[in-house]
Amino acid sequence: MKKIFVNGYGTIGTRIIAFIKDDPEVEIVGVGKYSPDEKVNHAISHGLDVYVSEQKLDDFKDYKIAGSIESALDKSDLVIDASPGGHGFLNKKNLYEPKGIIAIYQGGETVYGEKAVSDLLFNSRANYVEAFGKKHVMQGSCNVTGMGRILQPLKEKYAEQLVRFDVTLIRRWVDIEQTDKQVKDTIEMTEHPHHGDDVKAYMGKETPLFLRAIKVPTRQMHLHIMDIRFKDTAPNPSEIHELFTNENGVATLWTAKGTKDVRDFADTMKFSFKDTNMIHIHANMTTTLGDTIQMMYSDDQTGIVIPENHMLLQAMLFQKSYEEALKHTESLFHMKEKKTKLEEHFAKKD
Ligand code: NAD
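Throughout what follows, the structure given in this document is the object of discussion. (Residues numbered from 1 in each chain as written. Predicted model: local features only at pLDDT ≥ 70, side-chain atom pairs only at ≥ 80, totals over all residues. Heavy atoms only, no water.)

Next up on the list: the overall build of the protein chain. Along the backbone of the protein chain there are 12 helices and 16 strands. Computed over the C-alpha atoms, the radius of gyration of the protein chain is 20 Å, within 12% of the 20 Å expected from 2.2 N^0.38 for a compact globule of 350 residues. C-alpha extents for the protein chain along the principal axes are approximately 65 × 40 × 40 Å. Per-residue burial for the protein chain yields a buried fraction of 53% across its 350 residues. Expressed as a percentage of contacts within the protein chain between residues at least 6 apart in sequence, the contacts between residues at least 24 apart total 73%. When the accessible surface of the protein chain is totalled, it reaches about 15,800 Å², and 49% of it is carbon and sulfur. Side chains of the protein chain give 45 positive and 52 negative charges; the mean places of these two sets differ by 1 Å. (Helix = DSSP H or I, 4+ residues; strand = E, 2+ residues; numbered from the N terminus. Rg over C-alpha atoms; globule rule 2.2 N^0.38 Å. Buried < 20%, exposed > 50% of the residue type's maximum accessible area, 1.4 Å probe, protein only. Contact = heavy atoms within 4.5 Å. Areas by Shrake-Rupley, 256 points an atom, 1.4 Å probe, with all protein chains shown as cover. Lys, Arg positive; Asp, Glu negative; His and termini not counted. Charge placed at Lys NZ, Arg CZ, Asp CG, Glu CD.)

Okay, here's the thing in structure tokens:
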């Protein structure tokens, strides 16, 4: 059985471990913690071994620590790095490369320039098999992952018919459980957003994607406003919705008034962490205007990358076929069931 260590126990690390601990094909060695806070006991109470940096062992003397992160890595086959953006690169240089361990990094890292953690940015829908045999791979961020779920099916169906994609990302301020962080009453402009280049890393650098981003005071998901321009007359909205009927991790909703409706429904249905793990096309907002389709979809910022990490670890550790990996991920995440529930609840009213 392959052994996995999760380094970082924040928003993403907590979720990754909550799902993959139920995976019978892997064993969790434990989790890496960096601050001596209540989440240490949270992890222990969930049956996890907690490891801390060798230099920080003293800071954790009031807790039942299993050992050093360095020793945990020695026992592991793969590490999922879930550290704050930029720390993944440092961890790679200081820990993972010296120990020769294979690693998955999150969306706050980069595949460009001196601080690149990998030459591969993963999006299971677009480049699953490219992760075979790789030692270091970066999982795209939530926005970057969400865009692939729309762009890849469009590219496969319409290919040369597509002229350009113009996207405005409306990004949430902070996550729901980040209660220590204030939501600022402002609309912040994002200079040089990384998301467009990240998408091009897996869709191809020639992709005619033009992107801008702002951050707004909400904790309730991201919203992408996308205009898709075609060479000739654009397809009608129902043809576009039809394209996503069988897409994994894409729900088509008609009656959600806003992103919080979706999150609240996830809460009512007791989806883990109130996450849907997917994107939601707000079908009532899709319009065809001549050569352009206008659409909007919301992106579950915290949940969407978790099944992607699971797909990625299966590609890196087992080189499973895409279909087999998807089936196994589905057995842990129940995405189809969640999609059906969402689509039924927010169905079109006659
Ligand atoms: P977070 O701040 O909630 O958690 C990060 C955790 O890592 C904290 O517990 C912190 O103590 C710990 N840590 C500190 N230094 C570390 C180190 N050197 N090595 C390992 N862990 C360390 O952050 P997060 O939201 O979980 O984000 C983690 C990564 O996932 C980032 O790259 C982020 O961009 C990406 N991501 C976040 C979201 C989201 O919605 N929050 C979505 C997609 C991707």
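So, about the pairing of strand S2 (residues 26-33). Of all eight residues that make up S2, seven are buried, and the element is covered over most of its length. Looking at chain direction, strand S1 (residues 2-7) and S2 are connected through six bridges and run parallel. Of the residues in S2, the one forming a bridge with Lys 2 is Val 26. Note that the unit made of S1, helix H1 (residues 11-20) and S2 has a crossover that is right-handed. Pairing geometry for S2 and strand S3 (residues 50-52), over three bridges, is parallel. Within the sheet, the bridge partner assigned to Lys 33 lies in S3 and is Val 52. (Pairing = 2+ DSSP bridges. Right-handed = clockwise from strand over helix to strand, strands pointing away.)

Let us look at the sheet that holds strand S5 (residues 78-81). Taken in spatial order, the eight strands make up an open sheet running S4-S3-S2-S1-S5-S6-S8-S7, and their pairing is parallel. Of all strands in the sheet, those bounded by a partner on one side alone are strand S4 (67-68) and strand S7 (121-122). Of the strand pairs in this sheet, S3 and S4 are connected by two bridges, and their pairing is parallel. Paired with Tyr 51 across the strands is Gly 67, a residue of S4.

Another point: the environment of Ile 150. Checked against the element boundaries, Ile 150 lands in helix H6 (residues 142-158). A relative accessible area of 0% means that Ile 150 is categorised as buried. A C-alpha to C-alpha distance of 9.1 Å links Ile 150 and Ile 279, two positions 129 residues apart in sequence. Filtering out sequence-adjacent residues up to four positions away, Ile 150 remains in contact with Met 226, Phe 244, Ile 279, Ile 281, Met 295 and Tyr 297.

Just distances and angles here, no functional claims.
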